[in-house]
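Residue-level structure breakdown
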Amino acid sequence: HQPFGVNGGHSAQANSVSIHTGGKDWVPPFRSKVERVSFSSGDRFDLGSPGGGGYGDPLDREPSAIEDDLNDGFISAESAREIYGAVIVEERRIGNRPVYKVDTSKTDVERQRLRRNLRQTG
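Okay, so let's go over this structure. From a predicted model like this one, the values you see are computed outputs, not experimental measurements.

1. Comments concerning a nonpolar patch on the surface
Taken together, the side chains of Phe4, Val6 and Tyr55 make up a nonpolar region of the molecular surface, amounting to roughly 390 Å² of accessible area. Note on placement: phenylalanine 4 falls in the segment before strand 1 (16–21). Residue class for phenylalanine 4 comes out exposed when judged on its relative accessible area of 63%.

Okay, here's the thing in structure tokens:
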């Protein structure tokens, strides 16, 4: 089950488990419960733990907080655009790490557009 959000917040992603054994990827029948799996060199298991559900409408999140989350690696640029309505106007790299800048005024305009679309479709 996905951890639910409150006060307009989105649900978090559910947990995920995939196992790679014998050259094949597979998901346990009960997603996170499996017993007696033999592993050999080169086999692996990938686990994704859910976060907490969101609090409040993501379109109300402060652009500076979104920028901090982007630059700390907590959210992707795609999530910033799609979930938070952020407009990223500057991307540069320091070594392998991207550095982002969120334009507050363009983000406000984009969020107004998204809200209008939600009202028309909702």
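2. Examining helix 1 (residues 63–72)
Residues separated by three or four positions in an α-helix point in the same direction, a consequence of the helix having 3.6 residues per turn. With respect to burial, helix 1 is a largely interior element, 7 of its 10 residues being buried. Residues of helix 1 that are buried: Pro63, Ala65, Ile66, Glu67, Asp69, Leu70 and Asn71. Residues of helix 1 that are buried sit in contact with helix 2 (77–82), strand 4 (88–94), strand 5 (97–102) and helix 3 (104–121). Positive backbone phi, approximately 80°, marks glycine 73, located one or two places after helix 1.

3. Quick word on the sheet that holds strand 2 (residues 24–26)
Ordered by their spatial adjacency, 3 strands build an open sheet running 2-1-3, and the pairing between neighbours is antiparallel. With one partner strand each, in any of the chains shown, strand 2 and strand 3 (44–48) form the two edges of the open sheet. Neighbour-to-neighbour, the strand axes of this sheet turn through a mean angle of 15°, independent of strand direction. In this structure, strand 1 lies alongside strand 3, joined through 5 bridges in antiparallel fashion. Bridging across to strand 3, valine 17 finds its partner in leucine 47.

4. Regarding the environment of arginine 61
Here arginine 61 is to be found in the loop between strand 3 and helix 1. Arginine 61 sits 25 residues away from alanine 86 along the chain, and the two C-alpha atoms are 9.5 Å apart. Leaving out residues up to four positions away in the same chain, arginine 61 has contacts with Ile66, Asp69, Tyr84 and Arg111. At a separation of 2.7 Å, a polar atom in the side chain of arginine 61 contacts the side chain of aspartate 69.

5. Quick look at helix 3
Its 18 residues place the ends of helix 3 26 Å apart at the C-alpha level, agreeing with the 26 Å of an ideal helix rising 1.5 Å per residue. Among all positions of helix 3, only Thr107, Arg111 and Leu114 are buried. Projected down its long axis, helix 3 shows its buried positions confined to an angular sector of 65°, all on one face. Residues of helix 3 that are exposed and point more than 90 degrees away from the buried face comprise Val109, Arg119 and Gln120. The elements touched by buried residues of helix 3 are helix 1 and strand 5.

6. Observations concerning the side chain of asparagine 71
Within the secondary structure layout, asparagine 71 lies in helix 1. Owing to a relative accessible area of 19%, asparagine 71 belongs among the buried residues under this scheme. With sequence-adjacent residues up to four places away left out, asparagine 71 is seen in contact with Arg97, Pro98, Val99 and Tyr100.

7. Some remarks on the pairing of strand 5
The pairing of strand 4 with strand 5 spans 6 bridges and is antiparallel. Within strand 5, the position partnered with isoleucine 88 by the bridge is valine 102. Linking strand 4 back to strand 5 in an antiparallel pair, the connection comprises 2 residues, with glycine 95 at a positive phi of about 65°.

What counts and how
Residues numbered from 1 in each chain as written. Predicted model: local features only at pLDDT ≥ 70, side-chain atom pairs only at ≥ 80, totals over all residues. Heavy atoms only, no water. Patch = residues over 30% accessible without salt bridge, like charges linked within 9 Å, V, L, I, M, F, W, Y side chains within 5 Å. Areas by Shrake-Rupley, 256 points an atom, 1.4 Å probe, with all protein chains shown as cover. Salt bridge = Lys/Arg side-chain N within 4 Å of Asp/Glu carboxyl O. Helix = DSSP H or I, 4+ residues; strand = E, 2+ residues; numbered from the N terminus. Buried < 20%, exposed > 50% of the residue type's maximum accessible area, 1.4 Å probe, protein only. Contact = heavy atoms within 4.5 Å. Pairing = 2+ DSSP bridges. Axes fitted to C-alpha atoms, helices over the stretch in contact; angles between N-to-C directions. Polar contact = N/O pair within 3.5 Å; in protein donor to acceptor, adjacent residues only side chain to side chain. Expected span 1.5 Å × (residues − 1). Arc of directions from axis to C-beta.

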